[in-house]
2 protein chains.
Amino acid sequence: MGNDMVSKGRVTIREVAERAGVSTATASRALSGNHPVPPATRARVLRAARDLDYVANAHARALVGGGRKMAAVVVRQVTSPFYAQVAEGVEAEAADRGWLCVVGATGGDAQREMEFVRLMREEGARLVILVGGVVEDEAYRERVAHYAHALDSSGARLVLCGRPAPGPEIPALVVEFDNEAGARAVTAHLLSAGHRRIVFLGGLPGNTALDARVAGYRAALADHGLPPEAAHVVDCGLGRAAGHRAMTELLKKTDEFTAVFAGDDMVAAGALRAIADAGRRVPDDISVVGYNDIPLAEDFNPPLTTVRTPAEELGRAAVRIALRDPEHAAGAHHLLGTHIVVRESVGAPPPGRVL
Amino acid sequence: MGNDMVSKGRVTIREVAERAGVSTATASRALSGNHPVPPATRARVLRAARDLDYVANAHARALVGGGRKMAAVVVRQVTSPFYAQVAEGVEAEAADRGWLCVVGATGGDAQREMEFVRLMREEGARLVILVGGVVEDEAYRERVAHYAHALDSSGARLVLCGRPAPGPEIPALVVEFDNEAGARAVTAHLLSAGHRRIVFLGGLPGNTALDARVAGYRAALADHGLPPEAAHVVDCGLGRAAGHRAMTELLKKTDEFTAVFAGDDMVAAGALRAIADAGRRVPDDISVVGYNDIPLAEDFNPPLTTVRTPAEELGRAAVRIALRDPEHAAGAHHLLGTHIVVRESVGAPPPGRVL
DNA sequence: ATGAAAGCGCTAACAA
DNA sequence: TTGTTAGCGCTTTCAT
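How each quantity is defined
Residues numbered from 1 in each chain as written. Chains lettered and ligands numbered in written order. Predicted model: local features only at pLDDT ≥ 70, side-chain atom pairs only at ≥ 80, totals over all residues. Heavy atoms only, no water. Salt bridge = Lys/Arg side-chain N within 4 Å of Asp/Glu carboxyl O. Helix = DSSP H or I, 4+ residues; strand = E, 2+ residues; numbered from the N terminus. Buried < 20%, exposed > 50% of the residue type's maximum accessible area, 1.4 Å probe, protein only. Near = heavy atom within 4 Å. Polar contact = N/O pair within 3.5 Å; in protein donor to acceptor, adjacent residues only side chain to side chain. Nonpolar A, V, L, I, M, F, W, Y, C, P; charged D, E, K, R; others polar. Pairing = 2+ DSSP bridges. Axes fitted to C-alpha atoms, helices over the stretch in contact; angles between N-to-C directions. Least-squares fit on C-alpha atoms with pLDDT ≥ 70 in both. Contact = heavy atoms within 4.5 Å. Expected span 1.5 Å × (residues − 1). Phe/Tyr/Trp six-rings, centres within 6.5 Å; stacked < 30°, edge-to-face > 60°. Lys NZ or Arg CZ within 6 Å of the ring centre and 35° of its normal.

An unreviewed UniProt entry lists chain A under the name LacI family DNA-binding transcriptional regulator, with Streptomyces venetus as the source organism.

Below you can see the structure in the form of structure tokens.
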């Protein structure tokens, strides 16, 4: 295959230097290109490197200081459309800057999150991005405060996407969507379609993202002069299966609602199916809205009205903000806007059922 | 935060050793735990490490030989549900073995693929997994043969998922689904529902995965005694947008079909929408099948009959096979089975339109 | 312009 | 049991 005598094991710069008849120092200079080297020698070295199919050892390079910049995104699971989009955004923005991007999945387990962050510290990641809402308890605060200080003290940056900073003086920055505003807006949308009995499906008490959506939901209800009791939150958590189960149960139990606000689009998918299984129609009998506008939301039955949270942009923003203006940004809180995407899952409540 | 005098920069093993009053060698031994160290000293070292929040420098460690094992998956894009599942499988299997997993996205660009593989070589990845069908031309064969030899000569392994080995003597192994069998099976399913005019939507000439599906489709047609002209392949490529566009056009142009076999579920999503937009019903007027059974295929309108390709299992299998029985496996070709998932997008052709 | 040599942080001989 | 030393592959002074 064009290379004479491949010795097992990686080709080192020494072999390149030897073949080119120069010292390793000269070879290094020629290869990196940022030191004056006469064109002739330079060409010989480059030639040798190509012949040998030499690639530098990133570890050795990192050790001596010139390591490749690496960013890490940590998500619950890669197969969640929302997380996948965030990861893609981070990957894209990192790649644009010549950074390497590692993605880790935790399955929602704090233990695995810790291990992964530790790993990233060992690997010398310069940027760690933690994505997704969490239940914000003392353990969380301690854990993340620890990440933040550890990372910071070695010059790396921590960004929290959709989860809160564990305290005021913490060297981490947070960028997230304005969940409360988004939820308030869709709820208002439902309200102005005539719905008065709207159930929120997919609460997860303690989870910052969901709590904010619930708060927005309640706020919208209040805005319209409805009493607090008008709110009906089903704490079934997220995921298609949870949505399906909870919706099925709800339909058996009560009739006292005309619309459902699903905690996210996956919950909406499950709810939609459950409603259809129960022989009810959307939006004629029941209206449904979701959250996130995942890529296939328009293919649901019916196409889902939902809140668009530009997930890829969130990922891109996370790295952009972290890398720009680094000192000043620490501790900052960035809020990204969202908007409603109107499709076909919302209609007027059935006549006589406005309650 | 419990640590006295954090000097900017990473804590090294030397500082740990000093604090514990031992040499770096002893510290290293105590930390790694695989050398006899008296419990007392060991405890002191561990204590010091914890106080200082020490994490080993992975690069230094890698340099000296004990580096962390790293696997890399390369996909077109992380947001494709199918690729995401494969990546998740690889990630999971890698994590189970204590390996680190990096995922790279190429956007389908050969250039970026090459850069990424080079990067992985630099980083010392022990396993590189390339996922997804490709158009198999000379450039492809050369490129991948090069990866294979380069990786092999430094002791790393290459696995090709859903794409062919570039030649017979190449140190790479391929694991993929039996596309032809799967396609043949769904086509037979359509045939036995009574359809005779089935169009294949989403051909991509030269692409190995799609070509195999088309071959299976043609084979099934032949199995049922249909002439070759019965095949109707629309080469619109993959993706929801492509499917939507192609289907819209097709509906304008002809009426000579009662069923469509979409190249994958995303194409099916686009086709479904186009059919609905044209005022036709699935499956009453037209039947549709997809390929892959992505997680949301059951939420399409109507729920999609499709071929289940266990993507996560593909990812897991890739690493499992590559790591097991390494020498013997090289050059091997593993085929994973698939099966049809029957949902509601297939019905009998409209009466009088069997053709 | 180029080579010799030091050193990044760590582990593994080799001594003691 | 523990410390001293060498060296992994590379870049970078410091001489030449």
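Asker: For the pattern of salt bridges, give the residues involved together with the corresponding values.
Answerer: Under the defined criterion, the tally for this structure stands at 52 salt bridges over all chains. Its salt-bridge partner being A:Glu113, residue A:Arg143 comes within 2.9 Å of it at the nearest N-O pair. Separated by 30 residues along the polypeptide, A:Arg143 in helix 7 (residues 138-153) and A:Glu113 in helix 6 (residues 110-123) bring together distant segments of the chain. On the basis of relative accessible area, A:Arg143 is assigned to the buried category, the value being 14%. Overall, A:Glu113 belongs to the buried group, its relative accessible area being 5%. Among the salt bridges present, the one from B:Arg197 reaches B:Glu256, with a minimum N-O distance of 3.7 Å. Here B:Arg197 is found in the loop between helix 8 (179-192) and strand 6 (198-201), whereas its partner B:Glu256 is found in the loop between helix 10 (240-253) and strand 8 (259-262), with 59 residues between them in sequence. Residue class for B:Arg197 comes out partly exposed when judged on its relative accessible area of 29%. Members of the salt-bridge network, linked through shared partners, are A:Glu93, A:Asp96, A:Arg97, A:Glu312, A:Glu313, A:Arg316 and A:Arg320.

Asker: Outline the protein's contact with DNA strand C, listing residues and values.
Answerer: A:Thr26, A:Arg29, B:Ile13, B:Ser28 and B:Tyr54 are the nearest of the 20 residues found near DNA strand C. Backbone sugar and phosphate groups make up 72% of those atoms of DNA strand C lying within 4 Å of the protein. In the model, a phosphate oxygen of DNA strand C is placed 2.4 Å from a nitrogen or oxygen of the B:Ile13 main chain. The contact in question runs from a phosphate oxygen of DNA strand C to an N or O atom on the backbone of B:Asn57, over 3.2 Å. Contributing elements (two or more residues each) for the surface near DNA strand C: helix 2 (24-32) of chain A together with helix 2 (24-32) and helix 4 (58-63) of chain B. Residues of the surface near DNA strand C, tallied by class, amount to 11 nonpolar, six polar and three charged.

Asker: Can you break down the sheet that holds strand 1 (residues 70-75) of chain A residue by residue, with the values?
Answerer: Residues and elements named next belong to chain A. On the basis of which strands lie adjacent, the open sheet formed by six strands has the order 2-1-3-4-5-11 and parallel pairing. Across the chains shown, the open sheet's two edge strands, defined by having one partner strand only, are strand 2 (100-105) and strand 11 (333-336). Strand-to-strand twist across the sheet, computed as the mean angle between neighbouring axes with direction ignored, equals 20°. In terms of strand pairing, strand 4 (residues 157-161) meets strand 5 (residues 173-177) through three bridges, oriented parallel. Looking across to strand 5, one finds that Val159 is bridged to Leu173.

Asker: Summarise the relation of the copies chain A and chain B; cite the residues concerned and give the values.
Answerer: When chain A is fitted onto chain B, the two copies agree to an RMSD of 0.1 Å after a turn of 180° and an axial shift of 0.0 Å. These values place the two chain copies in the arrangement generated by a two-fold rotation axis. Of the interface residues in chain A, 100% have counterparts in chain B that sit at the interface too, so the contact is made through matching surfaces.

Asker: Give a description of the sheet that holds strand 9 (residues 287-289) of chain A that names residues and reports values.
Answerer: Residue and element names in this part refer to chain A. Pairing is parallel across the open sheet formed by four strands, whose spatial order is 7-6-8-9. The strands lining the two open edges of the sheet, one partner per strand, are strand 7 (232-234) and strand 9. Each adjacent strand pair in this sheet contributes to an overall mean axis angle of 20°, direction not counted. Pairing of strand 8 (residues 259-262) with strand 9 involves three bridges; the strand directions are parallel. Counted as the bridge partner of Phe261 is Val289 from strand 9. Packing against the sheet, helix 10 (residues 240-253) makes contact with strand 6 (198-201), strand 7 and strand 8, and its axis sits at approximately 145° to strand 6. Here helix 11 (residues 265-277) sits on the sheet in contact with strand 6, strand 8 and strand 9, set at roughly 165° to strand 9.

Asker: Describe helix 12 (residues 311-323) of chain B, listing the residues and the values that go with them.
Answerer: The terminal C-alpha atoms of helix 12 of chain B, which comprises 13 residues, lie 19 Å apart, in line with the 18 Å expected from a rise of 1.5 Å per residue. Along helix 12 of chain B, the residues classified as buried are B:Ala311, B:Leu314, B:Gly315, B:Arg316, B:Ala317, B:Ala318, B:Val319, B:Ile321 and B:Ala322.

Asker: An account of the packing of aromatic side chains is needed here, citing residue identities and associated values.
Answerer: With the rule as written, the count across this model stands at 12 aromatic pairs over all chains. For the pair B:Phe200 and B:Tyr217, a centre-to-centre distance of 5.6 Å together with 50° between the ring planes defines the contact as tilted. With a gap of 17 residues between them, B:Phe200 in strand 6 and B:Tyr217 in helix 9 (residues 208-223) connect regions that are remote in the sequence. Among the residues examined, B:Tyr217 registers a relative accessible area of 0% and is labelled buried. Seen from their ring centres, B:Tyr217 and B:Phe261 are 6.4 Å apart, and the 70° between their planes marks the pair as edge-to-face. Linking B:Tyr217 in helix 9 with B:Phe261 in strand 8, this pair joins segments that are 44 residues apart in sequence. Like B:Phe261, B:Tyr217 is buried. An aromatic cluster of three or more residues is present, and its members are A:Phe200, A:Tyr217, A:Phe261 and A:Tyr291. We note A:Arg213 situated over the ring of A:Tyr291; from NZ or CZ to the ring centre the distance is 4.0 Å.

Asker: Just give me the short version of the environment of B:Leu250, but keep the residues and values in it.
Answerer: In this structure, B:Leu250 sits in helix 10. For the pair B:Leu250 and B:Phe200, spaced 50 residues apart in sequence, the C-alpha to C-alpha distance is 11 Å.

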